[in-house]
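# Descriptive analysis of the structure
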Amino acid sequence: MVKTLILQDRQGREQRFLLRRSRPGDEKGMIACIRDEYGDTYFKRDFYRPEYLRQEAECGHITFLVAEALAEGESPGSESTGMPASRELAGMLILKEFYPEESMCEIASQIFRKKYRGFGLAMPFFEYGMDILLSRNYSAAYCLPVLFHDVTQRLLQRLGLAATGFVLNVFDTGHITHSYQNGRNTKHSQGIQIRAVGKRDAGTLYLPEEHQEFCRMIYDRLGVRYQIRKEGGGIRDRLPGDTKAPDGSRFPKSSRIALRQDSNQCSLEIRIHRIGADLLELIKAVHSRYPLRGKQTANVFLNIHDENAVWAYERLVGMGYFFTGLKPLCSEREYMVLHNPGEVEIYLDDYILTGEFEKLAEYIKTQLIKDE
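Note that the structure is predicted; figures quoted are calculated from it, not measured. (Residues numbered from 1 in each chain as written. Predicted model: local features only at pLDDT ≥ 70, side-chain atom pairs only at ≥ 80, totals over all residues. Heavy atoms only, no water.)

### A word on the pattern of salt bridges
- Scanning the model with the defined rule gives 23 salt bridges in all.
- One salt bridge connects glutamate 88 with lysine 115, and the closest N-O pair in it is separated by 2.9 Å. Of this pair, glutamate 88 sits in strand β4 (residues 88–97) while lysine 115 sits in the loop between β5 (105–112) and α3 (122–134), and the two are 27 residues apart along the sequence.
- A relative accessible area of 55% means that lysine 115 is categorised as exposed.
- We note a salt bridge from aspartate 172 to lysine 295, for which the minimum N-O separation is 2.6 Å. Of the two residues, aspartate 172 is situated in strand β7 (residues 162–172) and lysine 295 in the loop between α6 (279–289) and β15 (297–303); the sequence distance between them amounts to 123 residues.
- The exposure class assigned to aspartate 172 is buried, which follows from its relative accessible area of 7%.
- The exposure class of lysine 295 is partly exposed, given its relative accessible area of 30%.
- One network of salt bridges, in which partners are shared, links Glu102, Arg260, Glu269, Arg271 and Lys327. (Salt bridge = Lys/Arg side-chain N within 4 Å of Asp/Glu carboxyl O. Helix = DSSP H or I, 4+ residues; strand = E, 2+ residues; numbered from the N terminus. Buried < 20%, exposed > 50% of the residue type's maximum accessible area, 1.4 Å probe, protein only.)

Here's what the structure looks like:
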């Protein structure tokens, strides 16, 4: 699947591009794109290693797409041949799979060399990637756009991806350089954008009353079926030895969670797959291991298919977490996202956001004001 483009910049200069899947030997050009924008600070550290790029492409975990700059009058040539030495890669884009844990496809890492910006290449490159994504069997299209510019947010909204939430304070701004401004924030945050593909029914969602209307708006925007409930009505016979929660409902003794700590970025991710009687003790133990001091922050992904999700949400709020949106349609589970900033100040007004994300930010502000 190859596509040739002829584009013009504002000065009327014409440039031809060839969009295609990467081939062995493109690794040097992709790394050059990364270095041109981020120097040696790109947070995906493995992307600086040619052997890693080759391995991920060979196993199919990541599909690397490239935009090849063609010289004037030059024929695109055959896809099976190597890239002529006279050409260079103008940009890159990846489609990343998460099987077997999750079933969506992430659109990520669209990076252009600075000399090829201004030709309007971003949108047709995203369209090219989306065509490939839609030809495959995924539950959803997924993106985590940066919030220090709104280019990705705007273009993916045109392709049907809806804003559903934020993952706040993930990357240390002191460790990443780029061409844009950070504002007052000392850590970079990400948006969550989703488009339903194969998954059209989100199932039964257990949500606190205070967020039901807002979450209903998000799922309606995604155009999928769902049901919202607050209580599970008690869990009976889920596991031997079930116990009662303080509010009288029943759930397993043991929770099931997964952790991912990025020590370089001081960022912790906690996924709560199953809610058990030991959840609070587990979270407290995690905080003891990774204290929320300095730039250390935490994001929780709470399974809202679990009948005790509201109970867990209320306890997490009591520990300093607050609602930042949803991560829907990405697996068999549906997730609510919560954030604990620790000692890190959040300046939502300094983010560069599209209208959909602005509404999300305004809603989150109301939660922060309420907690003050």
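### Quick look at the side chain of glutamate 334
- By the secondary structure assignment, glutamate 334 is in the loop between β16 (322–327) and β17 (335–340).
- Here the side chain of glutamate 334 touches tyrosine 219 through a polar contact of 2.6 Å, side chain to side chain.
- Apart from the residues lying within four places of it in its own chain, the contact partners of glutamate 334 are Lys199, Ala202, Leu205, Tyr219, Leu302, Asn303, Ile304, His305, Lys327, Pro328 and Leu329. (Polar contact = N/O pair within 3.5 Å; in protein donor to acceptor, adjacent residues only side chain to side chain. Contact = heavy atoms within 4.5 Å.)

### A look at helix α4 (residues 151–158)
- When we look at burial in α4, the residues that qualify are Thr152, Gln153, Leu155 and Leu156.
- Positive backbone phi, approximately 95°, marks glycine 160, located one or two places after α4.

### Looking at the nonpolar core
- Core analysis: the largest hydrophobic core is formed by 85 residues, its most contacted members being Phe47, Phe166, Tyr219, Ile272, Ile275, Leu302 and Met336.
- If you tally residues by element for this core, the top one is β7, at seven residues.
- In this structure, leucine 302 is in contact with Ile272, Ile275, Ala309, Ala312, Tyr313, Glu334, Tyr335, Met336 and Leu338, ignoring residues within four places of it in sequence.
- Residues Leu7, Ala67, Phe112 and Leu155 belong to the second largest nonpolar core, which totals 32 residues. (Core = buried A, V, L, I, M, F, W, Y, C linked by side-chain atoms within 4.5 Å.)

### Brief notes about the pairing of β15
- Counting buried positions along β15 yields seven of seven residues, so the element is predominantly enclosed.
- Side chains Thr297, Asn299, Phe301 and Asn303 project from β15 onto one buried face, and the interleaved Ala298, Val300 and Leu302 project onto a second face that is buried too.
- Strand direction decides the pairing type here: strand β14 (residues 267–274) and β15, joined by six bridges, are parallel. The partner of glutamate 269 across the bridge, within β15, is asparagine 299.
- For the crossover from β14 across α6 to β15, the handedness is right-handed.
- The pairing of β15 with β17 spans six bridges and is antiparallel. (Pairing = 2+ DSSP bridges. Right-handed = clockwise from strand over helix to strand, strands pointing away.)

### Observations concerning the packing of helix α1 (residues 27–38) against helix α2 (residues 50–59)
- The N-to-C vectors of α1 and α2 enclose an angle of 115°; their axes lie 9 Å apart at closest approach. Comparing their axes, α2 and α1 come out roughly perpendicular. Crossing of α1 against α2: the hand is right-handed. Of the residues in α2, those in contact with Glu27, Met30 and Ile31 of α1 are Pro50, Leu53 and Arg54.
- Counted by class, the contact of α1 with α2 contains four nonpolar, no polar and two charged residues. (Axes fitted to C-alpha atoms, helices over the stretch in contact; angles between N-to-C directions. Parallel < 35°, antiparallel > 145°, perpendicular 65-115°, else oblique. Left-handed = near helix turned anticlockwise from the far one by under 90°. Nonpolar A, V, L, I, M, F, W, Y, C, P; charged D, E, K, R; others polar.)

### Overview of the pairing of strand β3 (residues 62–70)
- Among the nine residues in β3, nine count as buried, and that is most of the element.
- The two faces of β3 match: Ile62, Phe64, Val66, Glu68 and Leu70 on one face and Thr63, Leu65, Ala67 and Ala69 on the other face are all buried.

### Overview of the confidence of the model for the chain
- In this model, the chain carries a mean pLDDT of 91, and residues with pLDDT of at least 70 account for 91%.
- This stretch, residues 233–242, has a pLDDT under 50; its non-local contacts, to residues over four places away or in other chains, come to 21 contacts. (pLDDT = per-residue confidence, 0-100.)

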